[in-house]
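# Structural overview for review
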Amino acid sequence: MDASCVTSPLCTWLVAACMSVTCGADHFACPSMFGPSKRQSKWARGRRRVLSKCSSEPRTGLISSVCGSSIHGLMSSCLAFEPCHEYYSSKGLSSLGFYSLFGSKNVHLNRRQRRLNRPPHSGEAMAVAVQPAKEVATRKKPLTKQRRVVVTGMGVVTPLGHEPDVFYNNLLDGVSGISEIEAFDCAQFPTRIAGEIKSFSTDGWVAPKLSKRMDKFMLYLLTAGKKALADGGITEDVMNDLDKAKCGVLIGSAMGGMKVFNDAIEALRVSYKKMNPFCVPFATTNMGSAMLAMDLGWMGPNYSISTACATSNFCILNAANHITRGEADVMLCGGSDAAIIPIGLGGFVACRALSQRNSDPTKASCPWDINRDGFVMGEGAGVLLLEELEHAKRRGANIYAEFLGGSFTCDAYHMTEPHPDGAGVILCIEKALAQSGVSRDDVNYINAHATSTPAGDLKEYQALIACFGQNPELKVNSTKSMTGHLLGAAGAVEAVAAVQAIRTGWVHPNVNLENPDQGVNTNMLVGSKKERLDIKAVLSNSFGFGGHNSSIIFAPYK
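- Under an unreviewed UniProt entry, the chain has the name beta-ketoacyl-[acyl-carrier-protein] synthase I and belongs to Carya illinoinensis.
- As its UniProt record puts it under Sequence similarities (unreviewed entry), the chain is described as follows: "Belongs to the thiolase-like superfamily. Beta-ketoacyl-ACP synthases family."

## Examining the overall build of the chain
- The secondary structure content of the chain amounts to 19 helices and 14 strands.
- Evaluated residue by residue, the chain yields a buried proportion of 53% over its 558 residues.
- The long-range share in the chain, meaning contacts at least 24 apart out of those at least 6 apart in sequence, stands at 79%.
- With an accessible surface of roughly 25200 Å², the chain has 53% of that area assigned to carbon and sulfur atoms.

## Considerations on the nonpolar core
- Judged by nonpolar contacts, the single largest core of 48 residues is most densely connected at Leu384, Leu386 and Phe554.
- Listing elements by their share of this core, those giving two or more residues are β1 (149–157), α7 (164–172), α13 (311–324), β6 (330–337), β7 (380–388), β8 (401–410), α19 (490–504) and β14 (548–555).
- The greatest single-element share of this core, amounting to nine residues, is contributed by α19.
- Apart from residues lying up to four places away in sequence, phenylalanine 554 is in contact with Val151, Leu384, Glu402, Phe403, Ala495, Val499, Ile502, Ala537 and Val538.
- Listed in part, the 38 residues of the second largest apolar core include Val206, Val249, Ala264 and Ala293.

## Some words on the sheet that holds strand β4 (residues 247–252)
- Strand order in the open sheet formed by 10 strands is β5-β4-β6-β7-β1-β8-β14-β13-β9-β10, and the pairing between neighbours is mixed. Lying at the two open borders of the sheet, with one neighbouring strand each, are β5 (302–303) and β10 (475–477).
- Summarising the sheet, β6 and β7 pair through eight bridges and their orientation is antiparallel. Across the sheet, the residue bridging to serine 336 is alanine 381, located in β7.
- Contacting β9 (443–447), β10 and β13 (537–544), helix α17 (residues 454–468) runs over the sheet at an angle of about 140 degrees to β13.

## Some thoughts on α17
- When the terminal C-alpha atoms of α17 are compared, their 22 Å separation across 15 residues agrees well with the 21 Å that a helix rising 1.5 Å per residue should span.
- Taken as a whole, α17 has its buried residues at Asp457, Glu460, Tyr461, Ala463, Leu464, Cys467 and Phe468. Taken around the axis of α17, the buried residues stretch over an arc of 160 degrees, which confines them to a single face.
- Lining the buried residues of α17 we find α16 (423–436), β9, β10 and β13.

## Some remarks on the side chain of glutamate 402
- Structurally, the position occupied by glutamate 402 is in strand β8.
- Side chain to side chain, glutamate 402 and arginine 148 meet in a polar contact 2.8 Å long.
- Those residues in contact with glutamate 402 that lie beyond four places of it in its chain are Arg148, Val149, Val150, Ile553, Phe554, Ala555, Pro556 and Tyr557.

Conventions adopted
Residues numbered from 1 in each chain as written. Predicted model: local features only at pLDDT ≥ 70, side-chain atom pairs only at ≥ 80, totals over all residues. Heavy atoms only, no water. UniProt positions renumbered as here; feature names shortened; annotations may be inferred. Helix = DSSP H or I, 4+ residues; strand = E, 2+ residues; numbered from the N terminus. Buried < 20%, exposed > 50% of the residue type's maximum accessible area, 1.4 Å probe, protein only. Contact = heavy atoms within 4.5 Å. Areas by Shrake-Rupley, 256 points an atom, 1.4 Å probe, with all protein chains shown as cover. Core = buried A, V, L, I, M, F, W, Y, C linked by side-chain atoms within 4.5 Å. Pairing = 2+ DSSP bridges. Axes fitted to C-alpha atoms, helices over the stretch in contact; angles between N-to-C directions. Expected span 1.5 Å × (residues − 1). Arc of directions from axis to C-beta. Polar contact = N/O pair within 3.5 Å; in protein donor to acceptor, adjacent residues only side chain to side chain.

Right, dumping it as structure tokens:
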């Protein structure tokens, strides 16, 4: 059979090898698969002789043990044909596929072409790249329909309630969840208020043995996660039908298990023998997602992200990306934090970030108000059940909203202060709009990060003006005016508020905005009462210490 038509796999390998390395003047023949056995044995002896010679020289790569003087010599002796004209005209083989490399042997070269393609001196490496044998015409990947991501379930644990409807109704009514701290004696601190969860039970959601050992951030996470499943209609029968390899958990935390870690330090003062054997795993931020996955048997993407107060948005967007890439069909995502303990409160007091308006806790968190003096700590968890659209439709899920996309950026400026000109925030919003395919005119509701800090609120507002202008249809509010700042859980809880706004057609008020800061247009901000709004698209911002910026976008499902 013609060698130009059939070549052995070994010859193909040898061609690629000799194009990278040459280490001798020997030429050896390579038979076709159907050549006589006599020729094959002769070829085998020649090959052993060449390999023996090469083994004494230094190896420069995986294929350095096979060598020849040149690709031209190899091809002419091994495959009984001359390189095709395209090889010489391109002065290399990097752009050729299988058929142009192993073409017809009836290619005639003139004297000048043979001289130009004379083999290099022994030991010289040819600067020629080759692609694996394949068809010349590289076929384009078939167009695949973009996998859409929808929200089919929600779970929350917050100072305003532990069910999405209860939580959002309290927001619509302007109820504040901020009060005096009761979990410990904080008389020595200049800040004695927080968005503290007063009553919370894991009954029916977490095994009693684990409830006694786990940090609160994990208990909040597990409870909110399982509530999101229940809210999404993931019953036992549905669970049995799910492909567990394509179900994942991505729930992060900014602070992790601070109470478990603090208790371990106190125990260590007595003896290491007094330490909780679970102190290390239960203090790490990833273990919440891991424990929930173990409980559910979900074997898909599982990890956590910690980007301070932007944690939840990072987790939500990455979870959605796993679905759009086909790596998962279902993802539980969000954030959880429980840092209202002495070391947590003391740490934020030390960096002068907290409000000290202890005499009137419900008015302490007042985003955009000229009298704001810092944020108010909060605690809790928020979890979204994200699902691929067709997967959700097949099981008859109730679709609350569609997740369109988002983006991340970094200020690269300061550990705690926002960039003076808001460049990172503006870039983040613009990238989120581009990535999600949403025009700025279609965004008519923004759930702002607005924590009630002097610098942060104003810089975010200015960034919103830069991106959206004085859009008369745009409404902006801050959930933190009533919940306080839930740190790593804030973005997920606010995402639930954004989805609830889509569902109900109502946006919650900004409480405590009595004297707007200079330059703040109150027409763009939601007033002191809830407002009716037909939402086209909602953007939710979250920013964190370290200059982490994140923006995510939801819209009604159509």
